[in-house]
Amino acid sequence: MRNMDSMNTRKFPSAIKLITFDLDDTLWPCIPVIQHAENTLHGWLYEHAPELAKQHSVESLREHRRSLARQHPDIAYNLTLTRKMSLQMLLIQFGYDKELAQPAIDIFRNARNQVEPFEDVIPALEELGKRYYLIAVTNGNVELSRTPVSGYFRHALTAESVGAAKPDPAIFTEAMKLAHTTPEETLHIGDDPETDIEAARQIGLHSIWMNRYQQSWPENIKPAITEVDNLYSVISHLSV
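Please read all numbers here as calculations on a predicted model, not as lab measurements.

Colleague: What is the right way to read the overall build of the chain from this model?
Modeller: Looking only at helices and strands, the chain features 10 helices and 6 strands. Against the 2.2 N^0.38 benchmark of 18 Å for 240 residues, the chain shows a C-alpha radius of gyration of 19 Å, consistent with a compact globule. Every one of the 240 residues in the chain was classed for burial, and the buried ones make up 48%. When contacts within the chain are restricted to residue pairs at least 6 apart in sequence, those whose partners lie at least 24 apart make up 64%. For the chain, the exposed surface amounts to about 11500 Å²; the carbon and sulfur share of it is 50%. Across the chain, the centroid of the 23 positively charged side chains sits 3 Å from that of the 32 negatively charged ones.

What follows is the structure in structure tokens.
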């Protein structure tokens with residue numbers, strides 16, 4: 001990792017009008033939320049489909065879902081649909097009504113939405129929202145309207161809603177269409193070198209790598225130009 005202090009003087013052009021944000025591990029920690037949601041779902045299955053829950057751990061349920069996604073890449077971007085189909089298959093296999101998959105999904109989604117933003121997020125979003133058009137863009141299936149940051153974004157786009165997951169440019173293209181901006185007027189902030197930074201770069205967007213966990217940049221991807229570990233630092237890179 002490079003010295004972030006050495007890059008603190010870089011300013012993005014005053015032409016920036018739109019800022020798009022990844023969500024998981026950019027605005028809040030992801031792994032604890034997913035673990036909680038999957039454990040909650042597994043507990044629910046123990047009550048309503050006990051034989052399935054006895055035979056499948058959280059880990060084996062996850063692997064079943066991932067295997068299904070590999071077999072059906074045409075729907076893999078839709079995490080909710082993939083999870084529902086996986087549950088339906090398993091429910092049928094163990095002699096349960098496949099319709100139980102929907103309330104199971106509802107239980108999972110409720111827990112999935114229980115995110116806790118990093119302490120810098122809400123104050124920084126308040127400041128950035130005064131000057132820029134903010135849009136959330138995510139491959140995940142969190143429902144932004146049910147999170148603490150819902151009021152700070154003009155729109156929330158998901159891979160599910162646009163029909164493709166990053167690094168496909170569809171979600172960025174839709175954000176720019178909503179904000180009536182060009183790539184030169186758009187800045188993307190995200191934590192994933194490939195699906196956030198390289199994907200944004202490929203279509204001409206400005207980008208900032210949010211590196212909250214002091215990760216090393218992959219050797220096979222051209223380095224990010226700008227790197228921060230909190231949203232306050234983003235403000236210092238933007239021209240007034």
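Colleague: What exactly am I supposed to notice about the sheet that holds strand S2 (residues 133-138) here?
Modeller: Working definition: the strands of a sheet are paired by backbone hydrogen bonds and lie parallel or antiparallel to each other. Spatial strand order, S3-S2-S1-S4-S5-S6: 6 strands in an open sheet with parallel pairing. Looking along the sheet, the strands with just one partner apiece sit at the ends: strand S3 (155-158) and strand S6 (227-228). Of the strand pairs in this sheet, strand S1 (residues 18-21) and strand S4 (residues 186-190) are connected by 4 bridges, and their pairing is parallel. Bridge pairing in S4 links Phe 21 to Ile 189.

Colleague: Honestly, the packing of helix H1 (residues 31-48) against helix H5 (residues 101-112) in this entry has me stumped. Any pointers?
Modeller: Running from N to C, H1 and H5 cross one another at 150 degrees; their axes reach a closest spacing of 8 Å. By the angle between their axes, H1 is roughly antiparallel relative to H5. Classified by chirality, the crossing of H5 by H1 is right-handed. Across from Val 33, Ile 34, His 36, Ala 37, Glu 38, Thr 40, Leu 41 and Trp 44 in H1, the residues of H5 making contact are Pro 103, Ala 104, Ile 107, Phe 108, Ala 111 and Arg 112. Residues belonging to the contact of H1 with H5 are distributed by class as follows: 10 nonpolar, 2 polar and 2 charged.

Colleague: Explanation requested: the pairing of strand S5 (residues 206-210) in the structure shown.
Modeller: Within a regular strand, the side chains alternate between the two sheet faces. Among the 5 residues in S5, 5 count as buried, and that is most of the element. Where S4 meets S5, 4 bridges bridge the pair, whose relative direction is parallel. Considered in S5, the bridge of Leu 187 is made with His 206. Handedness of the crossover is the feature at issue here: the chain leaves S4, passes through helix H9 (residues 193-202), returns alongside S5, and the resulting connection is right-handed.

Colleague: Is there a simple way to explain the confidence of the model for the chain in this structure?
Modeller: One rule of thumb: low pLDDT means the predicted coordinates there are not for detailed reading. Of the residues in the chain, 95% reach a pLDDT of 70 or more, and the chain-wide mean stands at 94. Under a pLDDT of 50 for its full length, residues 1-8 has, in the predicted model, 19 contacts with residues more than four places off or in other chains.

Colleague: Would you mind showing me how to read the packing of aromatic side chains here?
Modeller: The description of two aromatic rings rests on the distance between their centres and on the angle between their planes. Summed over all chains, the structure comprises 3 aromatic pairs. Both rings, one in Phe 21 and one in Phe 153, keep their centres 5.6 Å apart while their planes meet at 85 degrees; by these two values the pair is edge-to-face. Remark: Phe 153 occurs in the loop between S2 and S3 and Phe 21 occurs in strand S1; sequence separation between them is 132 residues. Over the face of the ring belonging to Phe 108 we find Arg 83, whose NZ or CZ atom lies 3.7 Å from the ring centre. Above the face of the Tyr 133 ring, Arg 154 is positioned so that its terminal group lies 4.2 Å from the ring centre.

Colleague: I would appreciate a short explanation of the side chain of Ser 207 in the present structure.
Modeller: Take Ser 207: it is sitting in strand S5. Among the residues examined, Ser 207 registers a relative accessible area of 15% and is labelled buried. Once residues lying within four places of it in the same chain are set aside, the contact partners of Ser 207 are Phe 12, Leu 187, His 188, Ile 197, Ala 200 and Thr 226.

Conventions and cut-offs
Residues numbered from 1 in each chain as written. Predicted model: local features only at pLDDT ≥ 70, side-chain atom pairs only at ≥ 80, totals over all residues. Heavy atoms only, no water. Helix = DSSP H or I, 4+ residues; strand = E, 2+ residues; numbered from the N terminus. Rg over C-alpha atoms; globule rule 2.2 N^0.38 Å. Buried < 20%, exposed > 50% of the residue type's maximum accessible area, 1.4 Å probe, protein only. Contact = heavy atoms within 4.5 Å. Areas by Shrake-Rupley, 256 points an atom, 1.4 Å probe, with all protein chains shown as cover. Lys, Arg positive; Asp, Glu negative; His and termini not counted. Charge placed at Lys NZ, Arg CZ, Asp CG, Glu CD. Pairing = 2+ DSSP bridges. Axes fitted to C-alpha atoms, helices over the stretch in contact; angles between N-to-C directions. Parallel < 35°, antiparallel > 145°, perpendicular 65-115°, else oblique. Left-handed = near helix turned anticlockwise from the far one by under 90°. Nonpolar A, V, L, I, M, F, W, Y, C, P; charged D, E, K, R; others polar. Right-handed = clockwise from strand over helix to strand, strands pointing away. pLDDT = per-residue confidence, 0-100. Phe/Tyr/Trp six-rings, centres within 6.5 Å; stacked < 30°, edge-to-face > 60°. Lys NZ or Arg CZ within 6 Å of the ring centre and 35° of its normal.

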